[in-house]
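Below are the chains, spelled out letter by letter.
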Amino acid sequence: MFAWRLLLREFKTGDVLTLLIALVVSVATVTGIGLFVDRLQQSFEQQSANLLGADRSVRRDDPPPQEWLTLAQQNNLETAQTVSFSSMVFGGDGLQLAQLTAVSDNYPLRGEFLTDERQFGAGQATADAPQSGEVWLSSRLASLLNVELGSEVRVGEKTLDVTRYLVRDPGSATSAFSISPRAVMSAQDLEATGVIIPGARVRYAFLYAGEADQLEQFDEILQPRLAEGERIRTPVQRGERIGNTVNRAESFLLLAGTLAVVMSGVAMALASARYVKRHLTQFAVMKTLGATPKRLVSLMVFQVSLITLMGIVLGSVLGMLVQEFIASILGSLMTAGLPSPSLEKLWLGATTAIISVVAFCSPLLARLVQVPPLRVLQPNTDFKAGSASLFVFGLVGMYVLMVVYAGGWRLPSIMMVALAAVTALVFIVGWGLFKVSRSLSKQATTGWQVGLAALHRRLVSNLFQLLVFTLIIMLSLVLVGVQGNLIQDWQAQIPEDTPNHYLFNVQELQLAPITQYTKEQGITSSEWYPMVRGRVTHINGVAAETLFPERRNEPEIVERELNLTWADQIGEGSTLVEGDFSAEGVSIEREAAIEANVGLGDELEINVGGLSYTLPITSIREVNWQSMQPNFYLILPKTVLSDYQANYVSSVFLDERSAPGFYRFMADYPTVSMLNIGELLKQVQAIIAQLANALQIVLAFILGAGALVLVASVRATLDERLEEGALLRTLGATKRVVRQALLVEFGALGLFAGLVGAAGAELSLIGLQHFVFEMAVTLHPILWLVGPLSGWVIVTIIGVFASRAVLKVPPIRLLRSI
Amino acid sequence: MQDTEKQSVLTIKQLNHSVATANGSLDILKGINLEIKDGESVAIVGASGSGKSTLLGLMAGLDQHSDGSIVLYDKALEALDEEGRAILRGQHVGFIFQSFHLLPSLTALENVMLPNELKGERSAEQRARALLASVGLAQRLTHYPRQLSGGEQQRVAIARAFASAPKILFADEPTGNLDSKNGALVEDLLFELNEKEGTTLVVVTHDPELAKRCDRQIEIFDGELKES
């Protein structure tokens, strides 16, 4: 087949190869980042699932019906069960109320227990669950009972051996308010304890795990079988605490990938432009030889399709290798191994290739078919280039690509506005500057003048070159800026001394001695908040049951009994958004208000200890839940709550040094409940550290790709510059003048591109911070320095390398070779 | 008498051609009338910028003329679109250019095969080999244009021009880029093959020697035709 033979012949010369390389790099970048992001997402889902102990859980007051188990098995899902209850544990010195969980053998379905053989040890992952006859006690419970490994303890009528200290069980975070010290035992021993009697407060959890499709199917089967108040919990809901962090990281990676796509687009357009430039006359010759436009179109379509296909295959393979490489760098930093990539994500690379070819290559390649045959006789024959339509095609293509890649319109729209603004800026300001440079260079005696004059002489091609430089620099700066913001933000989120233990059920009399102890020991603690339980029954006089029939779509403030408090001041970790905190009314947390669709002035009827109070909402607070301070959805006026017997709550930060002493001290206050969230916090911090690393690697990768595009864009216009340099030398210009001219031309381009790029980056960052990352908008003065400086340095270095050929080779050889 | 028996292959009547410039329309060719018969060799001479190459381009259907009529092998060019003109060129027309215009990505052999490959003919290679042998390049089949001298490149171009067995050959300054020795060689080859294949030849040239070897010489002066 002729088209195939022609393509093979073209390959030998390298022009088609350049195009193919651009395509392969584009597909590989998108595939590499796409697959890597997918693996990270999967990894976070898994880690969140680890917090839940399964992919899904349903908590209820009765054992799960046999039907559920059968149905789950039919759907190829694994199931496990846990039974949580409070009971006295006897052993050593005495007895202690503990929160026990009896687990089935295969628990947990996701994640692992963390246990240790030393009291208060950091813990190691333990794959299995406690066997029949065993019990794992939390270090605190063991220290309260004064027992060690190998001791026996009694739960109800069953005696169990203490075989491990429990540091964390995967489901521990699910019961944030199970405040007593914890222990885990085997479900097989449950009956023998005899503690599960009718009327006992017992929580059953039905857990299941499996493939995504099957999970979804089973969720639908299970949903109608749930009793009132029961719901299917998913890892995402569980992982809310880290959700925001992960979301932002995903947004960043999406942004990075999107910008990589844009860069690849630029690279492909450059490669196509070079290909077209070098083939215009050839196509004209083929026309004179009788090739009809139809024939040439079918030739082109065949060749482009084939190149696209090759680009997709090679790019996908390379992309897989790239993501494997990134993952292997990151692997050593990750606490858990990354799951393998989902191959269905490969469509992303293929789609990118096809859209890129259609948007960036085809319009340019179409010019080849339009070339008038007369060009063979009159090489300067001009023909309608349609630059404007090329541009529109490219921009639309870019937008479509970004939308496909980011899966939304917000990020692409912000970037598009910024790109369009920068393009306009480049053309308007660039045109003006080049004109000025013309007036500065009326004579051509120094390299400066020759260089400045060249800026104006190649006005159009220099403007395009400038645009490419500017876009690449801008995109790189955007990524650097966002990444810096994110990492700064994350580091500020969970400072080292974030409280890691909550103290509940503290009586008023116990406040003074505990406060005194923490002060003496230098333990950081938050304020004491009184806590009274209450329930929202009516909103604006309408009963909750009427507002939410069958409890559907119930907001959280109505769904369950809430912890209520009063406070004189708004407290650490909260900020006032609206209203007056000191007014005689309810202060509500912002997200809760949005969920319940209430605002300032709306009235809530709250039932506290059997009495109802109707209060208007007088202020709205924003709460930073990551501050780990005791926080409340609703804060009521002191006059309402002060007559009730309140328990107090606070949070403290304990490190390895202060924890044992504090635990022993607290043994004197057995009614006080303590919740250790240190492990959870550590996990969150580990995830954030991993994300920061991942981001840095992806950033480095894309900056590298950007540099390559920059080099390619200089190469695209190199021939012209070399020719001019050679001519100048032939006409007697010294090496110094030629070198200076090239340096001035490239330096000016780089400097200006860096400056406009910085402006574009700042503009994009403002939009991204506000709309995508939902963080405070900050300015980035450093970009205004880094942008022009890096633009100047990088472009000049490329220019120096390019000019070496002009300076070393005899001009005649250079002129002949062009 | 003999001339009238021969069929007319190219007839130009009242041809005018102008191009748009920044300062308005510029007339390049004015009131040209010309008839070329089968097997004739015609030289078009004239000063630089007189409109020789433009006329050649119009005769071969590489461009559309402003006014008048050009009939090439019974087809009025003004009635054909680009597709139709390309088909006509493929069927009847061969070209030789001053700057050779070989495709740099193709070898000598592949360049000569190209016209027939474009037509989808299977015997392209055999004929190309024979033609290259006849221009003395049997040993350079796999060489790329950049590996050939100017004279050799033009010989490949001649072989390519004759590859599709055209009935009419248009040559634009075929020796213009060559030294006298190579120029003479190319000239000889051109006329030799022309005679052998019975092709009609239209040559634009500055070279009086080359012009003299043609049956007729036509001079263009300031866009108007003057037969000498």
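Rules used throughout
Every chain is numbered independently, its residues counted from 1 as its sequence is written. Starting at A for chains and at 1 for ligands, labels are handed out in the order in which the entities are written. Restriction of local features to residues with pLDDT of at least 70 applies here, the model being predicted, together with a cutoff of 80 or more for giving and counting side-chain atom pairs; totals for whole chains, interfaces and linings are based on all residues. In computing side-chain properties, one takes all heavy atoms of the structure into account and sets aside hydrogens as well as water. Both cavities and pockets are sets of points on a 1 Å grid over the protein atoms alone; in a cavity a 1.4 Å probe fits but cannot get out, in a pocket the set is open with protein on both sides within 12 Å along at least five of seven lines, and lining residues sit with an atom within 4 Å of a point. Grid points are joined across faces, edges and corners, and a volume is the space filled by probe spheres set on the points. Each helix corresponds to a stretch of at least 4 residues labelled H or I by DSSP, and each strand to a stretch of at least 2 residues labelled E; elements are numbered beginning at the N terminus. Ten residue types, Ala, Val, Leu, Ile, Met, Phe, Trp, Tyr, Cys and Pro, are classed as nonpolar, four, Asp, Glu, Lys and Arg, as charged, and the remainder, Gly among them, as polar. Contacts are residue-level and defined by heavy atoms, with any inter-residue pair within 4.5 Å sufficient. As a working definition, buried area equals the accessible area (1.4 Å probe) given up by two parts on being put together, with both sides summed. When a carboxyl oxygen of Asp or Glu is within 4 Å of a side-chain nitrogen of Lys or Arg, the pair counts as a salt bridge. Under this definition, polar contacts are N or O atom pairs within 3.5 Å; protein pairs additionally need one hydrogen-donor-capable and one acceptor-capable atom, and for neighbouring residues in sequence, both atoms have to be side-chain atoms. At least two DSSP bridges between two strands are needed for those strands to be called paired. With axes taken as lines fitted to C-alpha atoms, and helix axes fitted only over the stretch in contact, angles between N-to-C directions fall between 0 and 180 degrees. Like-charged residues within 9 Å of one another, or nonpolar side chains (Val, Leu, Ile, Met, Phe, Trp, Tyr) within 5 Å, are grouped into patches, provided each residue has over 30% relative accessible area and no salt bridge. The Shrake-Rupley method, run with a 1.4 Å probe, gives the accessible areas here. Residue values count only the displayed protein chains as cover. Note that His is not counted, nor are the chain ends; the positive residues are Lys and Arg, and the negative ones are Asp and Glu. In plain terms, the charge of a residue is placed at NZ if it is Lys, CZ if Arg, CG if Asp and CD if Glu. What pLDDT reports is the predictor's confidence in each residue, on a scale of 0 through 100.

Take empty space enclosed by the protein next. Counted by the stated rule, this structure contains 6 cavities of 30 Å³ or more. Estimates place the volume of the largest cavity at around 80 Å³. Looking at the lining of the largest cavity, the elements with two or more residues in it are helix H13 (447-457), helix H22 (718-730) and helix H23 (735-772) of chain A. Residues of the lining of the largest cavity, tallied by class, amount to 6 nonpolar, 2 polar and 4 charged. Here the second largest cavity is characterised by a volume of approximately 70 Å³. If you trace the second largest cavity, you find it lined by Leu6(A), Glu10(A), Tyr275(A), His279(A), Gln282(A), Phe283(A), Met286(A), Leu299(A), Met300(A), Gln303(A) and Leu103(B). Sorting elements by how many residues they give to the lining of the second largest cavity places helix H8 (residues 240-288) of chain A first, with 5 residues. Tallied by class, the residues present in the lining of the second largest cavity amount to 7 nonpolar, 3 polar and 1 charged.

On to the interface of chain B and chain A, then. Contact residues are listed per partner, giving 30 residues for chain B and 25 residues for chain A. Roughly 2,600 Å² is buried in total at the junction of chain B and chain A, and carbon and sulfur atoms are behind 65% of that figure. As a salt-bridge pair, Glu117(B) and Arg5(A) come within 2.8 Å of each other at their nearest N and O atoms. The tally of links from chain B across to chain A stands at 6 residue pairs in polar contact (both at pLDDT 80 or more). Taken together, the elements giving at least two residues each to the side of chain B that touches chain A come down to helix H2 (52-59), helix H3 (82-92) and helix H4 (108-119) of chain B.

What follows deals with the sheet that holds strand E6 (residues 93-96) of chain B. All names here are of chain B. On the basis of which strands lie adjacent, the open sheet formed by 6 strands has the order E6-E7-E8-E3-E9-E10 and mixed pairing. Here the strands that pair on one side only, and so sit at the sheet edges, are E6 and strand E10 (224-227). Taken pair by pair, the neighbouring strands of this sheet meet at an average axis angle of 20°, ignoring direction. Where E6 and strand E7 (residues 168-172) come together, 4 bridges link them in parallel fashion. Paired with valine 93 across the strands is isoleucine 168, a residue of E7. Strand contacts of helix H6 (residues 150-163): E6 and E7, with the helix running at about 175° to E6, the strand carrying the most contacts.

On the surface, a cluster of negative charge is contributed by Glu211(A), Asp213(A), Glu216(A) and Glu220(A). Examined against the element boundaries, Glu216(A) turns out to sit in helix H6 (residues 212-222).

With that settled, the discussion passes to the sheet that holds strand E4 (residues 67-72) of chain B. Residue and element names in this part refer to chain B. An order of E2-E1-E4-E5 is seen for the 4 strands of this open sheet, with the pairing classed as antiparallel. With partners counted over all chains shown, the strands left at the sheet margins are strand E2 (24-37) and strand E5 (75-76), one partner each. Two elements, strand E1 (residues 8-21) and E4, share 5 bridges in a ladder whose sense is antiparallel. Pairing of threonine 11 across the sheet is with valine 71, part of E4.

Here we come to the side chain of Asp172(B). For Asp172(B), the location among the structural elements is in strand E7. Of the polar contacts made by the side chain of Asp172(B), one reaches the side chain of Ser53(B); its length is 3.2 Å. Not counting the four nearest positions on each side in its chain, Asp172(B) is found in contact with Leu377(A), Ser53(B), Leu56(B), Ile96(B), Phe97(B), Gln98(B) and Val204(B).

This next bit is on the confidence of the model for chain A. Caution applies to low-pLDDT parts of the model: their predicted coordinates are not meant to be read in detail. Chain-level statistics for chain A give a pLDDT mean of 80 and a share of 87% at 70 or above. Low pLDDT (under 50) marks residues 173-178 of chain A, which in the prediction has 12 contacts with non-local residues, meaning those over four places away or in another chain.

Now for the pairing of strand E2 (residues 78-91) of chain A. Residues and elements named next belong to chain A. One ladder, built from 8 bridges, connects E2 with strand E10 (residues 202-209); its direction is antiparallel. Residue serine 84 lies in a different strand from E10, and its bridge partner there is arginine 203. Summarising the sheet, E2 and strand E3 (residues 94-103) pair through 10 bridges and their orientation is antiparallel. The partner of serine 86 across the bridge, within E3, is glutamine 99. Of the pairings in the sheet, the one linking E2 to strand E7 (residues 152-155) comprises 2 bridges and is antiparallel in character. For valine 89, the partnering residue across the bridge sits in E7 and is valine 155.

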